[in-house]
Each structure stands twice: as structure tokens, then as C-alpha cells.
Amino acid sequence: MSQPFTISLDSLMQPLDFDAMREAATSGGCASSSCGSSAKPDDMDEATWDKIKDHPCYSEEAHHYFARMHVAVAPACNIQCNYCNRKYDCANESRPGVVSEKLTPDQAKRKVIAVANEVPQLSVLGIAGPGDACYDWKKTQATFSEISREIPDIKLCISTNGLALPDHVDALAAMNVDHVTITINMVDPEIGAKIYPWIYFNKRRYTGLEAATILHQRQMLGLEMLTARGILTKINSVMIPGINDEHLIEVNRWVKERGAFLHNIMPLISDPGHGTHYGLTGQRGPTAMELKALQDRLDGGAKLMRHCRQCRADAVGLLGEDRGQEFTLDLLPEEVVYDASKRAAYREIVAEERGDHVRAKEQAVAAVRRNSGDGHAILVAIATKGGGRVNEHFGHAREFQVYEASAKGVQFVGHRRVDAYCMDGFGEDATLDGVIAALEGVTHVLCAKIGDCPKDMLVAAGIEATDAYAYEYAETAISALYAAATAAGGDEKAVA
Ligand code: SF4
Ligand code: SF4
């Protein structure tokens with residue numbers, strides 16, 4: 001096992017005492033002289049790495065350390081998706097059923113500065129609606145120009161359905177927006193007609209096949225224009241069983257050919273209570289294992305994002321946590337002045353931690369590959385507060401990060417959202433049943449602490465749980481677990 005780094009990421013998640021943290025970082029925990037070394041993958045050029053290295057959505061590794069926030073400044077939309085109810089926010093980037101506080105560009109600026117002063121992990125500002133960021137363009141543009149003047153190093157992102165995108169690609173490039181998400185659910189308008197009942201384009205409403213054809217052409221044009229300008233594009237696709245699930249293999253091929261940087265397959269969230277067409281007509285979303293099976297089939301195509309949390313439209317914080325309610329308008333001071341010092345200090349510390357994490361991960365991946373003689377695989381759920389470490393109590397976890405260990409090494413394959421099992425020191429059996437159901441397919445759970453009762457119930461459900469690897473990096477812990485399983489005869493459950 002690697003030596004635990006003395007500056008735990010737990011400390012990075014608490015109010016920050018920078019002097020103590022820096023002292024800890026240099027007082028022997030990190031033995032190697034290569035502390036602070038770059039985590040850049042060998043197959044990536046420096047310019048691309050520079051764009052993604054602190055972006056929690058574009059870099060799976062960065063999502064352990066850096067935070068994003070969405071500001072809801074763009075309420076108007078120019079299409080209708082069958083998974084959307086306009087009472088809520090744009091479901092292409094946000095969780096349906098959640099309504100955010102709509103902001104003017106000035107209010108957004110005040111909020112972003114207040115968050116940057118309090119959340120040093122903040123690296124990205126996104127506009128994901130609550131309608132379409134390109135259709136409601138004037139507000140998007142005004143917000144970005146105000147904020148980038150105040151916080152020049154913050155990364156700017158938009159997400160869009162793509163219909164109005166080609167009209168604004170040059171302006172996006174001029175504003176240094178180098179991350180754009182387009183939701184592309186189809187490349188065949190016949191399938192598109194089952195997802196989009198209408199669009200509004202060039203002052204006219206189109207329906208059916210004609211609408212889907214125009215949308216498809218505009219999405220492809222927008223993607224090609226972004227690629228030509230070196231802007232990184234993430235494609236979101238909503239997986240809708242029986243409608244576009246098989247078709248997403250074709251979508252993946254098309255977007256890869258047109259230069260997409262990442263493809264994020266998101267499960268349809270469909271609930272009659274959300275009042276969407278799909279919710280009201282009984283269209284189901286995929287199970288976690290159906291989503292994983294599709295993602296596995298796409299291995300080798302456009303690179304997949306597997307760590308998307310389908311955040312709230314006013315989400316603030318690390319992916320998987322939401323501090324948005326700490327920064328509602330009524331809680332913000334009237335006057336806020338940006339203080340760059342906390343974010344700068346945090347980055348220094350994270351650079352050191354990341355160098356250590358990368359080395360530990362490389363060792364762990366190599367060990368798993370060496371031990372994978374009989375080709376067995378395990379699916380491991382980690383309870384974590386961040387930093388890529390096993391550092392959360394089982395009962396407090398609101399999500400588990402899931403990794404697969406196999407002949408390919410150790411790969412992050414997704415997350416499972418749950419209700420925390422333990423409230424005020426007591427565990428609820430009914431909640432535990434929900435946690436176990438959410439862990440479908442998982443063979444092991446690693447956490448910082450777990451009681452006998454939940455442990456026994458997990459074992460009864462065929463899942464082994466342990467706190468023996470508390471505070472280790474996820475990959476290091478999984479590698480040790482995998483070696484133990486191999487030594488025990490490799491009789492672990494095969495992962496479907
Ligand atoms: S683009 Fe977003 S806001 Fe517009 S209809 Fe679709 S999900 Fe709703
Ligand atoms: S919805 Fe997904 S892509 Fe968007 S900010 Fe959240 S994690 Fe990132």
C-alpha cells in the first residue's frame with residue numbers, strides 16, 4: 001500500500017488553515033521529490049491538459065479536487081424535449097424536478113464572487129439554463145463578460161441543445177469559453193421525432209421529422225465549428241430505453257468523428273410527478289447496470305464521461321455535493337469584493353496532493369493488472385468526501401463512487417446516489433434497503449467506518465463491506481482488495 005499523504009483531503013474540505021496545511025504538506029508525508037508533478041496523461045498535449053486539468057467535469061481526476069457552480073441566468077428555450085417540464089430547469093444538464101432561483105447577470109456576478117471567496121475549490125462557472133444558454137444569449141454573454149473581468153482565471157462553460165449554437169460560436173471563442181456541452185440524443189431524425197415534439201427556429205415553429213432534421217443539422221454544424229476553433233466539446237446524451245439506447249452507439253461514432261472531446265451518457269430520469277411527457281406516459285429510465293452495459297459497449301469510441309452527477313441548476317461545490325442553499329440571494333451581502341488568495345493557496349496544496357495521488361494510482365493499476373491472471377473482475381463502491389480517498393462513514397454517504405478492477409486495471413465507472421443510512425446516530429432499515437438496491441452489481445463496499453448491523457445486511461445481499469482501507473486512495477485500497485481476493489482463489493463474483 002502507498003504511504004498515506006499526511007495532508008488529508010478531509011482537511012481540504014474543512015474551513016482552510018493554509019499555514020498548517022502547507023506545513024503538513026512539506027513535513028514528511030510526501031517522501032518523493034516529485035511532489036507537485038503533473039498528472040497529465042502521456043497521450044494528451046499540454047494545451048488540452050491546461051484546459052481540463054482543473055475542470056471537474058472534463059477530467060475525472062480533477063473532480064476529486066475542484067468545484068463548479070451553475071448560475072441560472074438564461075430561462076428562455078427554443079425547443080421542447082419530451083423529458084422536460086418547463087416548470088423546472090433544463091433537464092439536459094440539470095436534474096429534472098429541481099427549480100433554481102433565476103438571476104440577472106448582476107446578481108449572478110455577486111453570487112459567483114461570494115462563492116469564490118468561500119469555496120476555494122471553485123474552478124468552473126457554467127450556464128446551463130434554466131432554458132438554453134445560446135437561445136437566451138444576451139444574458140449569457142453579459143454574465144460571462146462581467147464575471148471574467150472580476151475573476152479572470154475562472155473557466156467558463158455553457159450547455160446548449162445546439163439549435164442556436166452556430167450563431168454564437170465566434171462570440172464564445174472571443175470570450176475564451178473553451179468548454180461547451182451540446183445535448184445530442186440522436187443523429188437519425190426519425191428517432192429525434194420521438195424525443196422532440198417541436199422546435200422554434202428562424203421565427204417559425206417546426207414539428208415532427210422536419211423539426212428533428214433541422215435540430216440534427218444545427219447540432220452537427222455547431223460541433224464542427226467548435227472543433228475547428230479548438231473549443232472542447234462534451235456531448236450529453238440522455239439514454240431513453242427503447243427509443244435511443246441502441247442508437248447512442250451511432251451517436252457516439254458521429255460525435256467522435258466530428259471531434260467531440262467527451263461523451264456523457266446520462267440516464268433518463270422519468271417520474272410522473274415531474275409532469276414531463278415521458279413521465280406521464282410511463283417511459284422508464286435505464287437501471288444503473290443497463291447504463292454501465294451501454295457505456296462498456298462504447299469502450300474504444302469517443303471518450304466517455306462517467307462521473308456526471310446531473311447536478312441541480314444552481315449547484316455549488318464538488319460534484320456530488322451541493323452547497324447551493326448556502327448562497328441564495330437573500331443570504332448574499334449587497335457588496336462583495338473578490339479575494340483571490342484562498343483559491344490560489346488551495347491550488348498550490350492540491351498540486352502537491354495530485355502528484356502523490358497520480359503515483360499511487362499508477363502503482364495500484366499496475367498491481368491489479370499483474371494480479372489479474374484469471375481475468376476476474378470486482379465492482380467496488382467507495383464512500384468518499386472527496387480527494388479520491390476512502391474517507392466517508394458508510395452511514396453518512398449520500399453517494400458511492402464505483403470502480404471496476406479487472407485485467408484493464410482500476411477504472412472509475414460511475415456513482416450511485418443514495419439517502420444517508422444513518423441520521424442522528426441511528427440507522428434506518430428501510431433506508432438501508434434502498435442503499436443495497438442502489439448498489440446493484442457491486443461486490444464490495446469500502447468506507448472509513450461501518451457498524452456490524454449494516455455490514456451483516458450487506459453480506460446477506462452478497463456485498464462485502466470493510467473499513468480496513470480507511471483514508472487510502474481509492475485505487476490503492478482496491479488494488480489491495482483485489483490482491484487479497486486473488487490470493488483467496490479469485491472466487492469473487494464476476495461482474496456482468
Ligand atoms: S433544451 Fe432544456 S429547457 Fe429546453 S426543452 Fe430541452 S430540457 Fe427543457
Ligand atoms: S451536470 Fe454533469 S457535466 Fe454538468 S456540472 Fe454537473 S457533473 Fe458536470
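Quantities reported herein were computed from a predicted structural model and do not represent experimental measurements. (Residues numbered from 1 in each chain as written. Chains lettered and ligands numbered in written order. Predicted model: local features only at pLDDT ≥ 70, side-chain atom pairs only at ≥ 80, totals over all residues.)

For this particular structure, what's the right way to read the nonpolar core?
What tends to happen in soluble globular proteins is that the nonpolar side chains get buried as a cluster. Ranked by internal contacts, the top residues of the largest apolar core, which has 94 residues, are Val71, Val112 and Met239. Looking at this core, the element that brings in the most residues is helix α8 (residues 208-228), giving seven residues. When neighbours within four sequence positions are excluded, methionine 239 is seen to be in contact with Asp245, Leu248, Ile265, Met266, Pro267, Leu268, Pro286, Leu291 and Leu294. Within the second largest apolar cluster, 41 residues are counted, among which are Ala364, Val368, Ile450 and Ala474. (Core = buried A, V, L, I, M, F, W, Y, C linked by C-beta atoms within 7 Å. Buried ≥ 20, exposed ≤ 12 C-beta atoms within 10 Å, placed from the backbone. Helix = DSSP H or I, 4+ residues; strand = E, 2+ residues; numbered from the N terminus. Contact = placed C-beta atoms within 7 Å.)

Just to check I follow, could you spell out the sheet that holds strand β6 (residues 198-201) for this structure?
Sheets are built from strands that pair by backbone hydrogen bonding, the pairs being arranged parallel or antiparallel. Pairing within the open sheet is antiparallel, and its three strands lie in the order β2-β6-β7. Strands with a single pairing partner mark the edges of an open sheet, and in this sheet they are β2 (79-80) and β7 (204-207). Bridge count for β6 against β7 is four bridges, and the pairing is antiparallel. Looking across to β7, one finds that tyrosine 200 is bridged to arginine 205. (Pairing = 2+ DSSP bridges.)

Sorry, what's going on with the site of ligand 2 here?
Around ligand 2 lies a shell formed by Cys57, Arg68, Glu93, Gly126, Cys308, Arg309, Gln310, Cys311 and Leu319. Among the residues forming the shell around ligand 2, the class breakdown is four nonpolar, two polar and three charged. (Near = placed C-beta within 6 Å. Nonpolar A, V, L, I, M, F, W, Y, C, P; charged D, E, K, R; others polar.)

Just checking my understanding: could you explain the pairing of strand β8 (residues 232-239) for this structure?
If a strand is regular, its side chains alternate between the two faces of the sheet. Across the eight residues of β8, eight count as buried, placing the element largely inside the fold. What you see with β8 is no split at all: Leu232, Lys234, Asn236 and Val238 on one side and Thr233, Ile235, Ser237 and Met239 on the other are buried throughout. Sheet topology places β8 next to strand β9 (residues 262-267); six bridges connect them, and they run parallel. Bridged to valine 238 within β9 is methionine 266. Viewed along the sheet, the connection from β8 through helix α9 (residues 248-257) into β9 turns out right-handed. (Right-handed = clockwise from strand over helix to strand, strands pointing away.)

Any chance you could explain the site of ligand 1 here in plain terms?
Lining the immediate environment of ligand 1, one finds Cys77, Ile79, Gln80, Cys81, Cys84, Cys90, Ala91, Asn92, Gly129, Gly131, Asp132 and Asn161. Considered class by class, the residues forming the shell around ligand 1 number six nonpolar, five polar and one charged.

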